[in-house]
Amino acid sequence: MTLFVVLNPNQLAVDWVDRLNALDDWHLSVDGKEVGVDQVVDHMMELFAPDVVAEVPPHDEEQIGPVMLVGSAQVRKWVDKLARSNVQLNYIIKRQTEKEFEGELMVYSKPLPWGGLGISFQVIAGYSLRKDRRRFMEPGAVFIQCREDGKIQRFRLLLTEKDEVIDIYGGQR
Amino acid sequence: MNVSFAILCGICFALPIAAQTAAPEGAERKRDSAQPQEMVSIPAGKFWMGRTNSFWRDALDTEPRAKRDDRPANLIHLDSFYLDKYEVTNADYARFVEATGARPPWHWPQGKIAKGDERVAVYNVNWFEATAFCKWAGKRLPTEAEWEKAVRGGRDRKVYAWVDDNDPGERVPAAITRGKAMPVGSFPPNGYGLHDMIGNVMEWTNDWYDMNYYAFMPKKNPQGPETGLYKSVRGGGWTDTLGEDGQLANFYRNFSDPELRGLTIGFRCAK
């Protein structure tokens, strides 16, 4: 039986970003074992429907063009790669202050005619590479279509200009 | 002036000239000592495999997902290998049929090559028969990555094998669409000296086909998916035109049931 839930756009967006940011929340044990990586990947994958179709940016400098992912197995590979190659993940949803409203979460939504909900929001993607700790920021946008049970069926992450981040304060703040 | 001084002067004079004289594009590459007859040595190194450019229709989402099987492009390293200079001909295949008792292509009248078709690229052979031929010849089918590196002939990140810009214009080799398989060597060689990589017959590769393979493919000597339903077929054939599907582009991927014998599918071997 399909469980229908009341879909809250802000909650869906925040949940997606929170689970993504938690992907680096695992560690290597003293004997070199990866502890917790499967759990954080599983946690992220709970959001996706089995027949999800996604489009994500290239994995690294040795790829050009969007990466199409068809099915949850392929999405899991992508999530797993993110978890293993990035640290200090910090995706931020764009907020806006206007008149008396402060820090309003800018999540746009639309009920889909075939059921479910479409949401989109701007993100600033912050992350460091696990291999050399170089840090990058990329502005971008996320487009999600959820089924009526809240699972993501279509998903697109667009990131634009990739900038390397340097600490001009020399760590003395 | 003694003789050795004269020779030395001659060498000194000739060396700078030789260094400045680049081999013309498509010229015969120098054979190494281990190079098998009628094969071309493809050097080790990296190349971009797949489509590195967007089509305007990508942005419109009007293209079926299956047509995006050439993306993302990946920077792939391949070890050096040899590839047949020409597609396998009817005459080559007849020797295999005679030596092994394999079945001849069904279009050969009474199981013999039609007169004058000896140099025509063989077709109506399925993937298993092509594989068996290569094994009999002490070779193998090329991987899809090897095939794509070879077709580019050193023109990395280009759309077409025969022109540097992305607009082929009127310069499409005329023989590509002559309406039937042609004798091998009908088209000019590419930068590696390989003939007929685009045009004539399409070619079997060793890899299984998976439209989503490029997303996570290995970056060194990829061997294709472990299993699949179809085998990858590469290179535009005589039925293909530039068309909006871009079948004549270097990165265009096709596939076929390995059991199928097709009028437009032949092969060449690698080593």
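The structure this text deals with has already been given above.
Residues numbered from 1 in each chain as written. Chains lettered and ligands numbered in written order. Predicted model: local features only at pLDDT ≥ 70, side-chain atom pairs only at ≥ 80, totals over all residues. Heavy atoms only, no water.

(A) Representation of the interface of chain B and chain A in the model. The interface of chain B with chain A comprises 19 residues on the first partner and 19 residues on the second. Contact between chain B and chain A buries roughly 1,600 Å² in total, counting both sides, with carbon and sulfur atoms accounting for 54%. Counting across the interface, chain B meets chain A through three salt bridges. A:Glu62 serves as the salt-bridge partner of B:Lys46, at 3.5 Å between the closest nitrogen and oxygen. The tally of links between chain B and chain A comes to six residue pairs in polar contact (both at pLDDT 80 or more). Note: strand S4 (residues 63–64) of chain A against strand S3 (residues 73–78) of chain B, two bridges, orientation antiparallel. Paired with A:Gln63 across the bridge in S3(B) is B:Asn74. (Contact = heavy atoms within 4.5 Å. Buried area = accessible area lost by both parts, 1.4 Å probe. Salt bridge = Lys/Arg side-chain N within 4 Å of Asp/Glu carboxyl O. Polar contact = N/O pair within 3.5 Å; in protein donor to acceptor, adjacent residues only side chain to side chain. Pairing = 2+ DSSP bridges. Helix = DSSP H or I, 4+ residues; strand = E, 2+ residues; numbered from the N terminus.)

(B) Spotlight on the packing of helix H2 (residues 37–45) of chain A against helix H3 (residues 72–85) of chain A. All names here are of chain A. For the pair H2 and H3, the least separation of the axes is 10 Å and the interaxial angle reads 135 degrees. Between H2 and H3, the angle is such that the two are oblique. Both H2 and H3 take part in a crossing whose hand is right-handed. Residue-level inspection shows Val37, Asp38, Val41, Asp42, Met44 and Met45 of H2 in contact with H3, the latter providing Ser72, Val75, Arg76, Val79, Asp80, Ala83 and Arg84. Here the residues of the contact of H2 with H3 are counted per class, giving seven nonpolar, one polar and five charged. (Axes fitted to C-alpha atoms, helices over the stretch in contact; angles between N-to-C directions. Parallel < 35°, antiparallel > 145°, perpendicular 65-115°, else oblique. Left-handed = near helix turned anticlockwise from the far one by under 90°. Nonpolar A, V, L, I, M, F, W, Y, C, P; charged D, E, K, R; others polar.)

(C) Fine view of the sheet that holds S4(A). The strand order across the open sheet built from three strands is S4(A)-S3(B)-S2(B), with neighbouring strands paired in antiparallel fashion. Each edge of the open sheet carries a strand with a single partner, namely S4 of chain A together with strand S2 (45–49) of chain B. The pairing of S2(B) with S3(B) spans five bridges and is classified as antiparallel. Looking at S3(B), one finds that B:Phe47 is bridged to B:Ile76.

(D) Structural detail: a nonpolar patch on the surface. All names here are of chain A. Together, Ile92, Ile124, Met137 and Val165 make up an exposed nonpolar region whose accessible area comes to about 280 Å². Considering the arrangement of structural elements, one finds isoleucine 124 in strand S10 (residues 117–129). Here isoleucine 124 falls in the partly exposed class, since its relative accessible area comes to 30%. (Patch = residues over 30% accessible without salt bridge, like charges linked within 9 Å, V, L, I, M, F, W, Y side chains within 5 Å. Areas by Shrake-Rupley, 256 points an atom, 1.4 Å probe, with all protein chains shown as cover. Buried < 20%, exposed > 50% of the residue type's maximum accessible area, 1.4 Å probe, protein only.)

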